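Listed below are the residues making up each chain.
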Amino acid sequence: MFAVGATVAAASDSGGSASSGTSSRAPGRYSPDAGFARDMAVHHQQAVEMSFIVRDRTGDEPVRSLAYDIANTQANQRGMLLGWLDLWGLPKVIADEPPMSWMAASDGEAGGDGGHHGHDMGAAKPGALMTGMATKEEIAALGAAHGRDAEVLYLQLMTDHHKGGVAMARGCARQCATPAERALAQGMVEAQQSELTLMADMLKRRGAAPRG
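Quick caveat: nothing in here was measured; it's all calculated off a predicted structure.

### Here's the deal with the overall build of the protein
And step 1. Helix and strand counts for the protein stand at six helices and zero strands.
And step 2. For the protein, the N- to C-terminal ordering of α and β elements is α-α-α-α-α-α.
And step 3. Looking at the protein as a whole, 48% of its 212 residues qualify as buried.
And step 4. If you take every contact in the protein between residues at least 6 apart in sequence, the share linking residues at least 24 apart comes to 76%.
And step 5. In the structure as shown, the protein presents an accessible area of about 9700 Å², 54% of it carried by carbon and sulfur atoms.

What follows is the structure, encoded as structure tokens:
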């Protein structure tokens, strides 16, 4: 909790200190900084949910250990993202903001409002809120599966989830103006790419493979 608080404080300082080389004002309502925080908080919440589901559907220790690590890491990161929004005085949900619309902002707009583009990234599958996210039907299928079936489905769903998360985190690493948030995003890219390699190997050991 201390580490999370320190990171949130660092984001607040970097957004409001002239010596940091960033604007003295908080990120705008539709800036990449705010959009990424809102969208990734939602994205992470589903990863936590799926990880808790599979924990109770299999006794396989490697899968349970991976699920615990993902749930713990992403819950902590979600807390940071929501904490930054609170510090910036920005809403956690905006009804008229399409998911991932912040990724349409140009690099030159990254420190301001970023524009309210409503740009559709076109990568989310039908029934999914954002790129990589599972549908309600897929979550239900995971909850109904057991043993190897649950392990394989979890690894496949989480592989898709991580791929979507990496794409979003790369967007923030390029566009976000807050140094602490950019650093967090780059850390997400590196950690989730490592987990993607691990999950591909775990699927192979179970005679399966990532989807599509």
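This is not the end of the story, as more comes after the structure.
### Considerations on the packing of aromatic side chains
And step 1. This structure, assessed with the given rule, holds two aromatic pairs.
And step 2. Between Trp-84 and Trp-88, the aromatic rings sit 6.3 Å apart at their centres with planes inclined by 25°, giving stacked as the arrangement. A single burial state applies to Trp-84 and to Trp-88, both of which are buried.

### With respect to the nonpolar core
And step 1. Ranked by internal contacts, the top residues of the largest apolar core, which has 28 residues, are Phe-36, Met-40, Leu-81, Leu-85, Met-168, Ala-169 and Met-188.
And step 2. Of all the secondary structure elements, the ones that give two or more residues to this core are helix H2 (32–55), helix H3 (61–87), helix H5 (147–175) and helix H6 (179–205).
And step 3. Once residues within four sequence positions are removed from consideration, Leu-85 is found in contact with Ala-34, Ala-37, Arg-38, Leu-90, Pro-91 and Lys-92.
And step 4. Counting 23 residues, the second largest nonpolar core, distinct from the first, contains Ala-47, Leu-66, Val-152 and Leu-155.

### What to know about the packing of H2 against H5
A packed helix pair is summarised by two numbers, namely the angle formed by the two axes and the spacing between the axes.
And step 1. One way to put it is that H2 packs onto H5 with a least axis distance of 10 Å and a crossing angle of 165°. The angle between H2 and H5 falls in the class roughly antiparallel. The element H2 and its partner H5 pack so that their crossing is left-handed. Contacts between H2 and H5 pair Pro-32, Phe-36, Asp-39, Met-40, His-43, Gln-46, Ala-47, Met-50, Ser-51 and Val-54 from the former with Ala-150, Tyr-154, Leu-157, Met-158, His-161, Gly-164, Gly-165, Met-168, Ala-169, Cys-172 and Gln-175 from the latter.

Procedures and definitions
- Note that residues are indexed from 1 along each chain, following the sequence as it is written.
- Reporting of local features is limited, given that this is a predicted model, to residues whose pLDDT is at least 70; pairs of side-chain atoms are given and counted only at 80 or more, and all residues count toward the totals for whole chains, interfaces and linings.
- Excluded from the side-chain calculations are hydrogens and water; all other atoms, namely the structure's heavy atoms, are used.
- Only DSSP runs of H or I with at least four residues qualify as helices, and only runs of E with at least two residues qualify as strands; both kinds are numbered from the N terminus onward.
- Burial status follows relative accessibility: with a 1.4 Å probe on protein chains alone, a residue under 20% of its type maximum counts as buried, one over 50% as exposed, and anything between as partly exposed.
- By definition in these notes, contact holds between two residues if any of their heavy atoms fall within 4.5 Å.
- To measure how exposed things are, a 1.4 Å probe is used in the Shrake-Rupley method; for residues, cover is taken only from the protein chains shown.
- The criterion for an aromatic pair is that two Phe, Tyr or Trp rings (for Trp, the six-membered ring) have centres within 6.5 Å, with stacked assigned to planes under 30 degrees apart, edge-to-face to planes over 60 apart and tilted to the rest.
- By nonpolar core is meant a set of buried Ala, Val, Leu, Ile, Met, Phe, Trp, Tyr and Cys residues that side-chain atoms within 4.5 Å join together.
- Axis lines are fitted through C-alpha atoms, for helices just across the contact stretch, and the angle between N-to-C directions can take any value from 0 to 180 degrees.
- Orientation categories follow fixed angle ranges, with anything under 35 degrees roughly parallel, anything over 145 roughly antiparallel, 65 to 115 roughly perpendicular, and all other angles oblique.
- Should the near helix be turned anticlockwise from the far one by less than a right angle, the crossing is left-handed, and should it be turned clockwise, the crossing is right-handed.

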